[in-house]
Amino acid sequence: MRVTATVTALQQLAASVRSGFDIPVIGITGSNGKTIVKEWLYQLLKDRFSIVRSPGSYNSQIGVPLSVWKMNDQHTLGIFEAGISEPGEMESLERIIRPTVGIFTNIGEAHNQGFLNSRQKINEKLQLFRHAEVLIYCKDYYELNEAIQLFSQTVRKSSDKPLQLISWSQKTEAALQILSIRKEQGRTEIEGLFQDRKVSVQIPFVDAASVENAINCWCYMLYAAIPDEEIADGMALLKPIAMRLEIRQGDNNTIVINDAYNSDLTSLQIALDTLQQQNMTAQTVILSDMLQTGRAEVALYSELSEILQKRGIRRFIGIGNALTHYSHLFDANKDLQKYFFRDTADFLRHFKDFVFENEAVLLKGSRSFAFEKISLLLEQRIHQTVMTVNLSAMVQNLQVFRRRLKPGTRTMVMVKASSYGSGGHEVARVLEQSGVDYLTVAYADEGVALRKAGIELPIMVMSPSIDAFDRMILWRLEPELFNMRSLTHFVAVAENIGVKDYPVHIKLDTGMHRLGFMESDLDELTAYLDKCSCLRIASVFSHLAAADDQAHRAFTQQQAGLFQRMCGKLSDALGYRPLMHLCNTAGIVQYPEYHFDMVRLGLGLYGIDSSGSLNNQLRQISALKTVIAQIKEVDAGETIGYSRKGKVDRHKRIATICIGYADGYPRALSRGNAYVMISNKPAPLIGIIAMDMCMVDITDIDQVQEGDEVIIFGDALPIQQLADWAGTIPYEIMTGISQRVKRVYINETQ
Ligand SMILES: *Cc1c(COP(=O)(O)O)cnc(C)c1O
């Protein structure tokens, strides 16, 4: 069927998907904090429910239907956010989300443009709760409270079920009355009264916005009657939500973090976390005025000054009239080098007076300040070959696989070889925030690097060398033990250090014949394990040799059968049952019956499914790009490059591009009919790929100039294609991109 109104059609389809499910659905709206409240509720509830939620900040007329469309019958809870910019928009979002529980986070100045006044804006947003049973909100927003009271008494009165209001307040009686908020050493303790009961939580944040977001989440947890200890445990571990950040390598050994969103201190704290995680000794913060916070400027900028002081930031550059006006508020911070400029242009005029080297620089400016001009100067590089890695796309890929798992099945993600070439801790951090259960690296050093970057998840090390065992224990890394030699050595080290119940993973060989205990080794293994108390077997696993090849289905089934038998024997001998896992990406797709307790996701996360069946759901997360260094006209009869292999049969235009085999662009491609993309058109390689450069034929592409972008792989040219041309597999292409190629991380969420 063809439709003319595509958005309406999409919305109707999503509404019809939604009507098929009778599960609790939380709908969140408000001016700020929607995404954070949604993600925190997810963090708090993910062990209890199988949750479907909006990806990132999908809260628009298109984002909402796409989010709701993901609902399936495994889900037991939905959490969706809704944002509007004009009157009339919320009604359609309400039909799609149909929340049973509502959260109205707050009301501020953002997006007032489309509305007459804030009352109109509030009333419009309240439309989201026309059929909700419960509404959570903060009473201390006077106008919001008034509007909600009226809404529940008049608008909602006509419906059969009244709207239950769960309000919270720091000032007056409320369903959750906040008694005290105490901040100490980066944590905030909040005490309250709920149903005549004293309750309290601690969160690992101190800024006012985080406290508000956390209390909104808390109200839901209390309403849902989650046990107090579980709430407290979850709240204490809340993690910051990555905002729209890009991390780039700049000139002179600088790292530039770019965040084009600057309207509250919460997002600043998150960006500062990212800044400090870069492990650079010096840090500069370049910040614009904060718009739309709804807070008094003196209080806002005083708190900013305190935050910079606490964080030990070395240099601060404030841009905007307000910051310049309040520059004296930063005087108390004696160690801070501070500079103020009225606007971006003014700063750019003085840019040459500043030296940026060996440091991490945070650029955080509201859009209107056009900070991209500053980032361009900081990153200035003429010939750059970069690999972009879209972390948001990666999280979406993760969800594609998670949806294939039974609820409760754990996910281990393989981040070996710098996450298949995508980058180490940047990828790991996003995975940690997305709630995966385990990470796996190949070597102890990779694991130590993740720990140093602040990764807390359990990490399994697959090929630990014996002399790294003590270091592994120090850094809480869990070894894969695959033979008696590795096991006995590890036990010796563990006993020497004096640890108890240290988690380790036993690898079984069921047919791959790489690493692992064979079935005939089991008696010796169990007899030995029986004697040592320093270990706890966290998991038992094996690896499929040919999960991606249907021709070997019978062999795979035989491997799985042997695996189950060996696990059974081990569990019997141990007297407890460790986690069992067998499937890699291909196994997850092809063998749902062998998911067991956990799966080990690798290649699929990075957007590739060798079976091809998920290709339209997965996004390729990385793109490799370079630029044209030179263009020349070459006559028929000439040759191009080494050994004169590139023959020119007619007059041609040739571009030399800045990528060679030392960047990981396989030299084997020279032999085939490989091409790169320039101006969205294929440009065939000509001649042999050199170490740092190669040549392409651009005769048939119009208007190409030196300096133009060249796509080596990306959305329009899949890695799989390159692998086919080079006669290899995508894994080898991905892990072969050399370290000298800069990685640029993209985060689409906000
Ligand atoms: C690399 C690896 C995986 C992941 O394989 P993919 O095919 O990338 O999903 C799983 N298990 C083990 C033991 C591995 O070495």
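Fair warning: this is a prediction, and the values are worked out from it, not measured in the lab.

K.L.:
For the UniProt feature "binding site: substrate" (unreviewed entry) in the chain, give the residues involved together with the corresponding values.
P.N.:
Feature annotation in UniProt assigns "binding site: substrate" (unreviewed entry) to the following positions: Arg-514 and Met-691. For the annotated residues, spread through 178 residues, the largest C-alpha to C-alpha distance comes to 33.7 Å, inconsistent with a single compact locus. With respect to the helices and strands, Arg-514 occurs in the loop between strand 21 (502-508) and helix 20 (522-531). By relative accessible area, which is 53% here, Arg-514 ends up exposed. Residues within four places of Arg-514 in sequence aside, it is in contact with Asp-509 and His-543. Along the chain, Met-691 turns up in the loop between strand 30 (681-686) and strand 31 (694-697).

K.L.:
Break down the UniProt feature "domain: Alanine racemase C-terminal" (unreviewed entry) in the chain for me, with residues and values.
P.N.:
The UniProt entry lists residues 621-746 under the feature "domain: Alanine racemase C-terminal" (unreviewed entry), expressed in the numbering used here. Secondary structure within residues 621-746 divides into 12% helix and 37% strand; the distance between the first and last C-alpha atoms comes to 10 Å.

K.L.:
How would you sum up the packing of aromatic side chains? Please name residues and give values.
P.N.:
Counted according to the given criterion, the structure contains 22 aromatic pairs. With 6.4 Å between their ring centres and 75 degrees between their planes, Phe-369 and Phe-371 make a pair best called edge-to-face. Cluster of aromatic residues (ring-pair linked, three or more members): Tyr-339, Phe-341, Phe-347, Phe-351, Phe-354 and Phe-356. The ring of Tyr-42 has Arg-53 lying over it, and the distance from NZ or CZ to the ring centre is 3.5 Å. Looking at Arg-315, its charged tip hangs above the ring of Phe-356, at a distance of 4.6 Å from the centre.

K.L.:
I'd like a rundown of the site of the ligand, residues and numbers included.
P.N.:
Contacts to the ligand come from Met-414, Lys-416, Tyr-420, Met-462, Arg-514, His-543, Asn-584, Thr-585, Arg-600, Gly-602, Leu-603 and Tyr-731. A distance of 3.4 Å separates a nitrogen atom of the ligand from a polar atom in the side chain of His-543. Within the backbone of Gly-602, one N or O atom sits 3.1 Å away from an oxygen atom of the ligand. Protein burial of the ligand: of its 390 Å² of free accessible surface, 94% is covered by the chains. Taken together, the residues of the shell around the ligand break down into five nonpolar, four polar and three charged.

K.L.:
I'd love a proper account of the state of the cysteines, names of residues and values included.
P.N.:
This structure, assessed with the given rule, holds zero disulfides. Here Cys-567 stays unpaired: no disulfide links it, and the sulfur of Cys-583, its closest cysteine neighbor, is 12 Å away.

K.L.:
Please give an account of helix 17 (residues 444-452) that cites residues and values.
P.N.:
Looking at helix 17, one finds that the buried residues are Ala-444, Gly-447, Val-448, Leu-450 and Arg-451. Seen along its axis, helix 17 keeps its buried residues to an arc of 160 degrees; they face one direction. Looking at the buried residues of helix 17, the elements they touch are helix 16 (425-433), strand 18 (438-441), strand 19 (459-461), helix 18 (469-474) and strand 20 (477-481). Downstream of helix 17 by one or two residues, Gly-454 has phi in the positive range, about 95 degrees.

K.L.:
Explain unusual backbone geometry to me, and be specific about the residues and the numbers.
P.N.:
Positive phi, normally seen in glycine, also occurs at Ser-419, with a value near 50 degrees. In this fold, Ser-419 is placed in helix 15 (residues 416-420). The class for Ser-419 is buried, based on a relative accessible area of 0%. We note that Asp-501 has phi near 50 degrees; this positive angle belongs to a residue other than glycine. The residue Asp-501 is located in the loop between helix 19 (484-497) and strand 21 in this model.

K.L.:
I'd love a proper account of the environment of Thr-626, names of residues and values included.
P.N.:
Tracing the chain through its elements places Thr-626 in strand 25 (residues 622-634). Note on Thr-626: relative accessible area 1%, which makes it buried. Not counting chain neighbours up to four residues away, the residues in contact with Thr-626 comprise Gln-384, Thr-385, Ile-657, Cys-658, Ile-659, Asp-708, Glu-709, Val-710 and Ile-712. Polar side-chain contacts of Thr-626 include one of 2.9 Å to the side chain of Thr-385.

What counts, and at which threshold
- Residues numbered from 1 in each chain as written.
- Predicted model: local features only at pLDDT ≥ 70, side-chain atom pairs only at ≥ 80, totals over all residues.
- Heavy atoms only, no water.
- UniProt positions renumbered as here; feature names shortened; annotations may be inferred.
- Helix = DSSP H or I, 4+ residues; strand = E, 2+ residues; numbered from the N terminus.
- Buried < 20%, exposed > 50% of the residue type's maximum accessible area, 1.4 Å probe, protein only.
- Contact = heavy atoms within 4.5 Å.
- Phe/Tyr/Trp six-rings, centres within 6.5 Å; stacked < 30°, edge-to-face > 60°.
- Lys NZ or Arg CZ within 6 Å of the ring centre and 35° of its normal.
- Near = heavy atom within 4 Å.
- Polar contact = N/O pair within 3.5 Å; in protein donor to acceptor, adjacent residues only side chain to side chain.
- Areas by Shrake-Rupley, 256 points an atom, 1.4 Å probe, with all protein chains shown as cover.
- Nonpolar A, V, L, I, M, F, W, Y, C, P; charged D, E, K, R; others polar.
- Disulfide = S-S within 2.5 Å.
- Arc of directions from axis to C-beta.

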